[in-house]
Amino acid sequence: MILTGPAIHESVEAGQITIAPFDADLLNPNSYNYRLGRTLRQIISDPTDPTRPAETAVIELPDEGYVLRPGIVYLGATVETVGGDEYVTSLIGRSSLGRLGMFLQISADLGNLGSAHQWTLEIKVVQPLRVYPNMKVGQVSFWKPTGARMPYGGLYGGISEPTACSPRAAAGLGAGPVRQEAAA
Amino acid sequence: MILTGPAIAAQVKTGAIQIAPYDEQRIQPNSYDFHLGERIGWYTNKVLDCARENPFEEHAIPSEGMVLEPDRIYLASTREKIGSDFYVPIIRARSSIARLGLFVHCTADLIDIGSFGQLTLQLHAVQRVRIYPGLLVGQVTFWVPHGEIVLYEGKYQGSEGPRPSLVHRDFEAR
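Residues numbered from 1 in each chain as written. Chains lettered and ligands numbered in written order. Predicted model: local features only at pLDDT ≥ 70, side-chain atom pairs only at ≥ 80, totals over all residues. Heavy atoms only, no water.

- As named in an unreviewed UniProt entry, chain B is dCTP deaminase, taken from Streptomyces lanatus.

- By the naming in an unreviewed UniProt entry, chain A goes by Deoxycytidine deaminase and is assigned to Streptomyces lanatus.

### Observations regarding the nonpolar core
Okay, so step 1: Among the nonpolar cores identified, the biggest contains 45 residues, and Leu 36, Met 102, Ile 123, Val 131, Met 135 and Phe 142 of chain A together with Cys 50 of chain B are the most heavily contacted of them.
Okay, so step 2: Counting residues per element, the ones that place at least two in this core are α1 (5–13), β3 (32–35), β7 (74–83), β9 (102–103), β10 (116–125), β11 (129–131) and β12 (136–143) of chain A.
Okay, so step 3: Sort the elements by how many residues they give to this core and β10 of chain A lands first, with four residues.
Okay, so step 4: In this structure, Leu 36, Ala 76, Leu 121 and Phe 142 of chain B belong to the second largest nonpolar core, which totals 35 residues. (Core = buried A, V, L, I, M, F, W, Y, C linked by side-chain atoms within 4.5 Å. Buried < 20%, exposed > 50% of the residue type's maximum accessible area, 1.4 Å probe, protein only. Helix = DSSP H or I, 4+ residues; strand = E, 2+ residues; numbered from the N terminus.)

### Brief notes about the confidence of the model for chain A
Okay, so step 1: Confidence in the prediction for chain A averages 93 pLDDT; 94% of positions are at 70 or higher.
Okay, so step 2: Of the regions scoring below 50 in pLDDT, residues 177–184 of chain A engages in 11 contacts with residues more than four places distant in sequence or in other chains. (pLDDT = per-residue confidence, 0-100. Contact = heavy atoms within 4.5 Å.)

### Considerations on the pairing of strand β4 (residues 39–43) of chain A
All names here are of chain A.
Okay, so step 1: Here β4 shows a buried face lined by Leu 40 and Gln 42 and an unburied face lined by Thr 39, Arg 41 and Ile 43.
Okay, so step 2: Alignment of β4 against strand β5 (residues 56–60), held across five bridges, turns out to be antiparallel. Bridging from a neighbouring strand, Thr 39 pairs with Glu 60 of β5.
Okay, so step 3: Relative to β7, β4 runs antiparallel, the two sharing two bridges. Paired with Arg 41 across the two strands is Leu 75, which belongs to β7. (Pairing = 2+ DSSP bridges.)

Right under this line is the structure:
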């Protein structure tokens, strides 16, 4: 079952869902609008390789906007910390951005129970598109799971900046030492 | 929970799900197949801007088809008007269409409960692909909500045909 806007609101107030900062004006009938953080990382490596750390370049979005180019994967992050132990989070783009040909993730919409962080966005555009920091770009929805829970042991769910593919995470290895690798 | 095909058919009969025109032949085991409408549009500028209205032109899709190019975002719509005040619709491509490398939305698959109209499709072709009016392009699924329902009354309500982005209104409101 997918939570309605009022159910998301109640769950945030009850502490079952983390959305921080939270603004009730950003609630939709069955989702919550998230905003685009100011920092992007552009992947430079060509070809990219899941067994090697990717070379990236940092882009700070100026207030007057920045034109994203087709053919490049940009990693961004949500302004909001999003997650929780109770409901499964799914992240998509807003239709207003889809109508401009902007992807906010690349077929990886599903979050993990137990993680709460600023989500890394995998951004690509079909045509050049000027985007702005803090604009409302996408939506998260929350889904009721069934079954026993297990602790979250992943890497990315504890990191709140745009994070490139980690070779250890790509190989399916646990989070402990990887966090240090990511911080280094 | 996702509705099965027979559950979708039953909810169409009660009016809890609206699909018009509706054809029971298009019911699938857990979705309903929708058609591409007759109109398509695109932005006339190459570089688009979220903060400004982007000029947009609309055309009929010729009956002999038209080729979509990879470097342009095209907006079309479902032929059907689709919506529900009781279930959450989610749209996606039919796998036959995905196997041609055609996206029918750009990461915007979730429809607000209470919205009703021809859904705008965001067509992106990985390789050149020819499309035709009335093509069976996608599927809509229906999901059970949890919590009090507040119906959509947003800027795309009652859409007919492709509707360009209105995101620039967010900036005008500032």
